[in-house]
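What follows is the residue order along each chain.
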Amino acid sequence: QKEVEQNSGPLSVPEGAIASLNCTYSDRGSQSFFWYRQYSGKSPELIMSIYSNGDKEDGRFTAQLNKASQYVSLLIRDSQPSDSATYLCAVGINQAGTALIFGKGTTLSVSS
Amino acid sequence: DAGVIQSPRHEVTEMGQEVTLRCKPISGHNSLFWYRQTMMRGLELLIYFNNNVPIDDSGMPEDRFSAKMPNASFSTLKIQPSEPRDSAVYFCASRRGPSGNTIYFGEGSWLTVV
């Protein structure tokens, strides 16, 4: 069974620090990877997608992918209290990436 | 453009009753997904459709659950009979194209079965 694993947290960081969120996946054939953010009581919203090994940066966010290690991470620089949320790692479940399987999420708390 | 629209937003029902959740995907999106979210199990994929055709329903927990997509702008998820363990948030999501693009979620239907 295809699985996506995340540390549930909570991960607590002070304002301005770097938050590091990690994810591993079981399906070696996966080709597409996503990070979603979910505020309490709200629906998930996409932060970043990544398809190739290496780093992808978008503002304060950097996604990192290592397919050989089946590992995806998300770095949030200069963390803000508004970043406090649950971060969901999602993986495309076949070569076509037709649907996404989600991890259970990591709860991030940024203190001011 | 309007996002994914789900109804009802909240429903409380008694065990044994039929529950029907409704979803209108974003116009022009041809892939539609039903997910269920609980604290214990996280966000689980129940079923997804491409061009109104069910592609994979292996996540549907049991025969009490059924989903249909009669046209490109409407889908239903039905639970009959409902049980307390079905209490969860049910999300509908849609995407333009079969893969790679962003999946957009609706606001969810919060179901409580008592």
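Scroll up to find the structure.
Residues numbered from 1 in each chain as written. Chains lettered and ligands numbered in written order. Predicted model: local features only at pLDDT ≥ 70, side-chain atom pairs only at ≥ 80, totals over all residues. Heavy atoms only, no water.

Undergrad: What is the right way to read the sheet that holds strand β3 (residues 19-25) of chain A from this model?
TA: Adjacent strands of a sheet pair through backbone hydrogen bonds, lying either parallel or antiparallel. All names here are of chain A. Strand order across the open sheet formed by 5 strands is β1-β3-β8-β7-β6, with antiparallel pairing between neighbours. Each having just a single partner strand, β1 (4-5) and β6 (54-58) make up the two edges of the open sheet. For β6 and strand β7 (residues 61-66), the ladder comprises 5 bridges, and the chain directions are antiparallel. Bridged to Asp55 within β7 is Gln64. (Pairing = 2+ DSSP bridges. Helix = DSSP H or I, 4+ residues; strand = E, 2+ residues; numbered from the N terminus.)

Undergrad: How do you make sense of the state of the cysteines when you look at a structure like this?
TA: Here a disulfide denotes one covalent bond, and it connects the sulfur atoms of two cysteines. This structure, assessed with the given rule, holds 2 disulfides over all chains. The disulfide that involves Cys23 of chain A links it to Cys89 of chain A, with 2.1 Å between the sulfurs. Of note, the bridge from Cys23 of chain A to Cys89 of chain A carries an S-S torsion of about -70° and is left-handed in sense. Note that Cys23 of chain A is positioned in strand β3 and Cys89 of chain A in strand β9 (residues 85-92), a separation of 66 residues in sequence. Two residues, Cys23 of chain B and Cys92 of chain B, share a disulfide whose sulfurs are 1.9 Å apart. Looking along the S-S bond of the Cys23 of chain B-Cys92 of chain B disulfide, the torsion reads about -70°, which is the left-handed sense. You can see Cys23 of chain B sitting in strand β3 (residues 19-24) and its partner Cys92 of chain B sitting in strand β9 (residues 88-95), a full 69 residues away along the chain. Of the two residues, Cys23 of chain B and Cys92 of chain B, both sit in the buried class. (Disulfide = S-S within 2.5 Å. Buried < 20%, exposed > 50% of the residue type's maximum accessible area, 1.4 Å probe, protein only.)

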